Amino acid sequence: MKNVLKSLALGAAMLAAPLTAVADGHGEELNYVLVSHAPDSDSWWNTIKNGIALAGDQMGVTVEYRNPPTGDLADMARIIEQAAASGPNGIITTLSDYDVLKGPIMDAVASGIDVIIMNSGTPEQAREVGALMYVGQPEYDAGYAAGLRAKGDGVGSFLCVNHYISSPSSTQRCQGFADGLGIELGNQMIDSGQDPAEIKNRVLAYLSANPETDAILTLGPTSADPTLLALDENGMAGDIYFGTFDLGTEIVNGIKAGVIEWGIDQQPFLQAYLPVVVMANYHRYGVLPGNNINSGPGFVTASGLEKVEKFAGEFR
């Protein structure tokens, strides 16, 4: 832990070091709120929490994490409204459903609160709601790139295990994958829910009913981990093409064992860390990057696992 903090601090030196030298002269205490769409059960977001914690320490600002406990997007919209009412200097938020969330985000901007969109949504949507910028992985593009890769590997059909089907950005991943393959999505996407036992059972049922399925695409550890168990149970582990979004301990183990072909790393640490750094420098010095920042996609395979394995679920 000490080594990674040191290297991350050095990596941020160009931004953080000047701030450390003169921050006292600027006096203002800055308070930010990061709002995500993630339910409490989704451990993938621990990396986001680590990112804002480190950025907050380095930049000398306070960052609070808030989320809807069950992942309900209407609840998330209320959390954004509540965050804006508390009068922070800035809000960093996901935009997992534009129609549901645009209203409270635009209201926050209209009240004078600066907003950065991270993780989900698109750069175009970020501009439409009046955000300063977007930091994240365009989900359709990532799915499309994965589909092209799978097509090159001979995949012609697949199962997309969607554990968060109420979020349009999740469906964009599945749709992009189908388009990259050049086939219709159709009924190849299932609503798996988020209960691990139910996910496992639904994957087993789909593969039993569709034994000629070439590949599986999962959208993160929540769906990948139970799918690994399903493939162990039906004897298909290592025999069916398996790709996933995101990383985690079991995903890394699956890649290492040759059961998972690749994991798409959208670098959630950067999605949380960079908005805090950017916003603090904007508020203190009026400087702002001229472009949005794409944190992914990047494909992690067995040949590039050393650091990923070391920091999976923590900083990767």
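Computed from a predicted structure; not experimentally measured. (Residues numbered from 1 in each chain as written. Predicted model: local features only at pLDDT ≥ 70, side-chain atom pairs only at ≥ 80, totals over all residues. Heavy atoms only, no water.)

Here we take up the packing of aromatic side chains. Under the definition given, this model contains eight aromatic pairs. With a centroid separation of 6.1 Å and an interplanar angle of 20°, the aromatic rings of Tyr 140 and Tyr 144 are classed as stacked. Of this pair, Tyr 140 and Tyr 144 both sit in helix α7 (residues 139-152), four residues apart, roughly one helical turn. Using a relative accessible area of 33% as the deciding quantity, one classes Tyr 144 as partly exposed. (Phe/Tyr/Trp six-rings, centres within 6.5 Å; stacked < 30°, edge-to-face > 60°. Helix = DSSP H or I, 4+ residues; strand = E, 2+ residues; numbered from the N terminus. Buried < 20%, exposed > 50% of the residue type's maximum accessible area, 1.4 Å probe, protein only.)

So, on to the pairing of strand β10 (residues 262-265). It is a general feature of regular strands that their side chains alternate between the two faces of the sheet. Residue alternation in β10 divides its side chains into two sets, Trp 262 and Ile 264 and Gly 263 and Asp 265, and both sets are buried. Bridge count for strand β9 (residues 241-245) against β10 is three bridges, and the pairing is parallel. In the sheet register, Gly 243 faces β10, and the bridge partner there is Trp 262. Handedness of the β9-helix α11 (residues 249-257)-β10 crossover: right-handed. (Pairing = 2+ DSSP bridges. Right-handed = clockwise from strand over helix to strand, strands pointing away.)

Moving on to the packing of helix α9 (residues 196-209) against helix α10 (residues 221-234). Between α9 and α10, whose axes approach to 8 Å, the crossing angle comes to 50°. One way to sum up the angle between α9 and α10 is to call them oblique. Seen from above, α9 lies across α10 with right-handed handedness. Contact residues: α9 offers Pro 196, Ile 199, Lys 200, Val 203, Leu 204 and Leu 207, while α10 offers Thr 222, Ser 223, Pro 226, Thr 227, Leu 229, Ala 230, Leu 231, Glu 233 and Asn 234. Looking at the contact of α9 with α10 residue by residue, the class counts come to nine nonpolar, four polar and two charged. (Axes fitted to C-alpha atoms, helices over the stretch in contact; angles between N-to-C directions. Parallel < 35°, antiparallel > 145°, perpendicular 65-115°, else oblique. Left-handed = near helix turned anticlockwise from the far one by under 90°. Contact = heavy atoms within 4.5 Å. Nonpolar A, V, L, I, M, F, W, Y, C, P; charged D, E, K, R; others polar.)

Turning our eyes to something else, we now look at the confidence of the model for the protein chain. The share of residues in the protein chain with pLDDT of 70 or more is 91%, and the mean pLDDT across the chain is 91. This model gives residues 1-27 a pLDDT under 50, and the stretch forms 30 contacts once residues within four places in sequence are excluded. (pLDDT = per-residue confidence, 0-100.)

With respect to the secondary-structure elements, Thr 244 resides in strand β9. A relative accessible area of 0% means that Thr 244 is categorised as buried. Polar contacts involving the side chain of Thr 244 include one to the side chain of Thr 218, which spans 2.6 Å. Among residues more than four places away in sequence, those in contact with Thr 244 are Leu 217, Thr 218, Leu 219, Gly 220, Ala 224, Ile 251, Ile 260, Trp 262, Gly 263 and Ile 264. (Polar contact = N/O pair within 3.5 Å; in protein donor to acceptor, adjacent residues only side chain to side chain.)

Now for the pattern of salt bridges. Summed over the entire model, instances satisfying the criterion amount to nine salt bridges. When the shortest N-O distance is used, the salt bridge between Arg 316 and Asp 265 registers 2.7 Å. Highlighted residues: Arg 316 in the segment after α13 (306-311) and Asp 265 in strand β10, separated in sequence by 51 residues. Look at the salt bridges and you will find they share partners, linking Glu 139, Arg 173 and Asp 246 into a network. (Salt bridge = Lys/Arg side-chain N within 4 Å of Asp/Glu carboxyl O.)

For helix α4 (residues 73-85), which comprises 13 residues, the first-to-last C-alpha distance of 18 Å matches the rise-based estimate of 18 Å (1.5 Å per residue) to within 8%. The secondary structure elements touched by the buried residues of α4 are β1 (31-35), β2 (62-66), β3 (90-93) and α5 (98-110). Between a side-chain oxygen at the N-terminus of α4 and the backbone nitrogen of Ala 74 the separation is 3.3 Å; the capping residue is Asp 72. Where α4 ends, the next residue or the one after it, Gly 87, has phi of about 75°, a positive value. (Expected span 1.5 Å × (residues − 1).)

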